[in-house]
Amino acid sequence: MKRIQYYQYGGPEQMKLEEFTLRPLGKGEVAVKVNFASINPIDWKVRSGYLKMMTGKKFPRAMGSDISGVVTAVGPGVTRFKRGDEVFGSVKIQDGGALGEVAIAPETFLARKPDSLSFEEAACLGTPGTTAWNGLVDKASRLAGKRVFVNGCAGAVGEAAVQLALMFGATVAGSCSASSMARMSEQGVKPLFDYRTTDLSNISERFDVVYDTAGTMNTDGAFGLLRPGGVFLDINPTPGKFIRAIFSRKLKPIVCTARADVLDGIASAAAKGKLKLPIGEIVPLSDAVRAITALESGRKANGKVVVRMD
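Residues numbered from 1 in each chain as written. Predicted model: local features only at pLDDT ≥ 70, side-chain atom pairs only at ≥ 80, totals over all residues. Heavy atoms only, no water.

**Q** Looking at this structure, I do not really get the overall build of the protein. What am I missing?
**A** Assigned secondary structure in the protein consists of 10 helices and 16 strands. For 310 residues, the compact-globule estimate of 2.2 N^0.38 gives 19 Å, and the C-alpha radius of gyration of the protein, at 19 Å, lies within 12% of that figure. Considering only C-alpha atoms, the protein reaches an extent of 55 × 40 × 40 Å along its principal axes. Counting across all 310 residues of the protein, residues that qualify as buried make up 53%. Long-range pairs, those at least 24 residues apart, make up 67% of the contacts in the protein with a sequence separation of at least 6. Accessible area of the protein: about 13800 Å², with a carbon and sulfur share of 53%. Computing the positive centroid from 41 side-chain charges and the negative centroid from 30, the protein places the two 5 Å apart. (Helix = DSSP H or I, 4+ residues; strand = E, 2+ residues; numbered from the N terminus. Rg over C-alpha atoms; globule rule 2.2 N^0.38 Å. Buried < 20%, exposed > 50% of the residue type's maximum accessible area, 1.4 Å probe, protein only. Contact = heavy atoms within 4.5 Å. Areas by Shrake-Rupley, 256 points an atom, 1.4 Å probe, with all protein chains shown as cover. Lys, Arg positive; Asp, Glu negative; His and termini not counted. Charge placed at Lys NZ, Arg CZ, Asp CG, Glu CD.)

Set out below in structure tokens:
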């Protein structure tokens, strides 16, 4: 079997497509024959060493976080899946391995793929859908009738947040690039602001929830957009922000945290046609290193870049 892996933290040049041997399954784990994997910024952040306090020093490490495919084996204690089940979701960040022909994931990081969703569409939902859910459902909650502002609403997490907020009964405003405004307007985001030309702190409207899915907002500036009792969901947590959140109910740092109920909720939303992310490009595994390198250097794909394994 093949996967993309690396032998030390660093830049794109560390990635290699190589043969590997799948390790034995642990308790609660499943092996998935990967049909498609999607590329996320967290993939190269992990490879660069940004999270090495969490991911450790054991090498080689495998690239990739989000998958769709078919369960080929289950470990001890697995109850959610059996061989042959079609699934989507994420692998553990400590393990990686989505960008390979077979990956191992905790059963709680996966959900059954809805029949109405293609494998390539399902591969896009793991990290963006989970992150959006962690913020809107876990931290904001009770969205019906509320007003939500999504900074970076045309990105993967942002678009997932828009769709989930609308599904839960909120109304949504947001910021994105000028080229994405027509698409996001069609989804019901009103008003829209061009982040390149608008000082968001000057927006006159106030919101119940401000979700910075782009990780570019100043905390105090975001606080200024809140209604009384509102919350700021910050996708770019730091130790200082976690400390500040202890003393401020308005600040909610968001860490992507997969759970069975979250993945099942995402699957249900997708099955109802309420959650679907655009695909910008599909590349074979043999071309994935090039695709990651280009995205890391700032290339815009106008949708998720998805890697095909066969």
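Now that the structure has been shown, the text picks up again.
**Q** Which parts of the structure should I look at to understand helix α4 (residues 126–140)?
**A** Side chains of residues three or four places apart in an α-helix project in the same direction, reflecting 3.6 residues per turn. With 15 residues, α4 extends 20 Å between its outermost C-alpha atoms, agreeing within 8% with the 21 Å of an ideal straight helix rising 1.5 Å per residue. Counting buried residues in α4 gives 12 out of 15 residues, a clear majority hidden from the surface. Every buried residue of α4 is listed here: Gly126, Thr127, Pro128, Gly129, Thr130, Thr131, Ala132, Trp133, Asn134, Gly135, Leu136 and Ala140. Of the residues trailing α4, Ser141 is marked for its positive phi of about 60°. (Expected span 1.5 Å × (residues − 1).)

**Q** Quick question: what am I supposed to make of the state of the cysteines here?
**A** Two cysteines whose sulfur atoms are joined by a covalent bond form what is called a disulfide. Going through the model one piece at a time under the given rule, you end up with 0 disulfides. The closest cysteine sulfur to the non-disulfide-bonded Cys153 is located on Cys176, 4.1 Å from its own sulfur. Judged by its relative accessible area of 0%, Cys153 falls in the buried class. Classification of Cys176 by relative accessible area gives buried; the value is 3%. (Disulfide = S-S within 2.5 Å.)

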